[in-house]
Amino acid sequence: MFVINWEKLKTFLIVLFAALNVFLIAFISFQNAKFSNISDDTVDGTVKILKSKNINVDADKILRKQVNLNVIELKNAVVSHLFPSEFNRVDEKTFYIETEGSIKSENDIKKVLKKIGIKDNTKIITDGAKATVYLQIKDYKVFDVSLKLISEGGKVKISGSWYFPETKPKKSSDMSDIVSLTGVLIDFSNIASSENFINIDKIELGYYISDSSRNIEKLNVTAAPCYKISTSDGKNYYFNARNGEFLK
């Protein structure tokens, strides 16, 4: 008579299911990695297509690792209780203000920025008596958001636009709902095609606030993940990094 040893069978099934779970996790990770990286063949093919349309791009400038970023929420800096009330409007999108201080060093600039409530998320570029401060949250710039600082007679003149992040960039491993950068480049070639050769100088992944939302009186705005393509003729092109829409 055949007798089933239930304890041994139970142990066997537990080990089997544990092994299957390990396999499935490894398989899913492999699939995500597979679709989150652009192959060399795809990059080479894209370079050839762009070249046929008089657009040169170095293959090394095409980001291989695809990143699925979330939409982030931002608050206009001028509504902060730390921001000086005596600021002036340059236009509907930018402000101007003067304060005492120096911009001889990065630390000097940080002290000046602190006076108007800006303490972090900055990328500072100095140039003698001038400086530019870009809004950068974690590793990602918010494109077209910056401050120009000019030192003159013991005063620092500050102009531009600024936002405080309400939410931070987060990455998702799900690549099913984003477009490939190579697809964006093909769409770009249809927009930027020219009789004269142009070079793509830089491709950046960051965030973009729509022009319709860039109003100094608007309290809260959203910024979408975006590819910025800069070309040798001085132009910049912006594409939504999730759906490929041409933004500007």
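Rules used throughout
Residues numbered from 1 in each chain as written. Predicted model: local features only at pLDDT ≥ 70, side-chain atom pairs only at ≥ 80, totals over all residues. Heavy atoms only, no water. Salt bridge = Lys/Arg side-chain N within 4 Å of Asp/Glu carboxyl O. Helix = DSSP H or I, 4+ residues; strand = E, 2+ residues; numbered from the N terminus. Buried < 20%, exposed > 50% of the residue type's maximum accessible area, 1.4 Å probe, protein only. pLDDT = per-residue confidence, 0-100. Contact = heavy atoms within 4.5 Å.

Describing the pattern of salt bridges
Part 1 of the reasoning: One pass over the full model with this rule turns up six salt bridges.
Part 2 of the reasoning: Between Asp-40 and Arg-64 there is a salt bridge, with its nearest N and O atoms 2.5 Å apart. With Asp-40 in helix H2 (residues 40–51) and Arg-64 in the loop between strand E1 (55–56) and strand E2 (68–69), this residue pair connects regions lying 24 residues apart in the sequence.
Part 3 of the reasoning: Taking relative accessible area as the criterion, Arg-64 reaches 26% and is therefore assigned partly exposed.
Part 4 of the reasoning: For the salt bridge of Glu-106 with Lys-110, the shortest nitrogen-to-oxygen distance reads 3.8 Å. On the criterion of helical spacing, the pair formed by Glu-106 and Lys-110 is a turn pair, its members being four residues apart in helix H3 (residues 106–115).
Part 5 of the reasoning: You can call Glu-106 partly exposed: its relative accessible area is 41%.
Part 6 of the reasoning: Given the relative accessible area of 43%, Lys-110 is considered partly exposed.
Part 7 of the reasoning: Salt bridges sharing partners connect three or more residues here, namely Lys-93, Asp-211 and Arg-214.

With respect to the confidence of the model for the protein
Part 1 of the reasoning: Considering every residue of the protein, the mean pLDDT works out to 83; 84% of them sit at 70 or more.
Part 2 of the reasoning: The spread of mean pLDDT over the elements of the protein runs between helix H1 (residues 6–36), the lowest at 48, and strand E14 (residues 236–240), the highest at 95.
Part 3 of the reasoning: Confidence drops under pLDDT 50 across residues 20–35; counting only partners more than four residues distant or on other chains, this segment forms three contacts.

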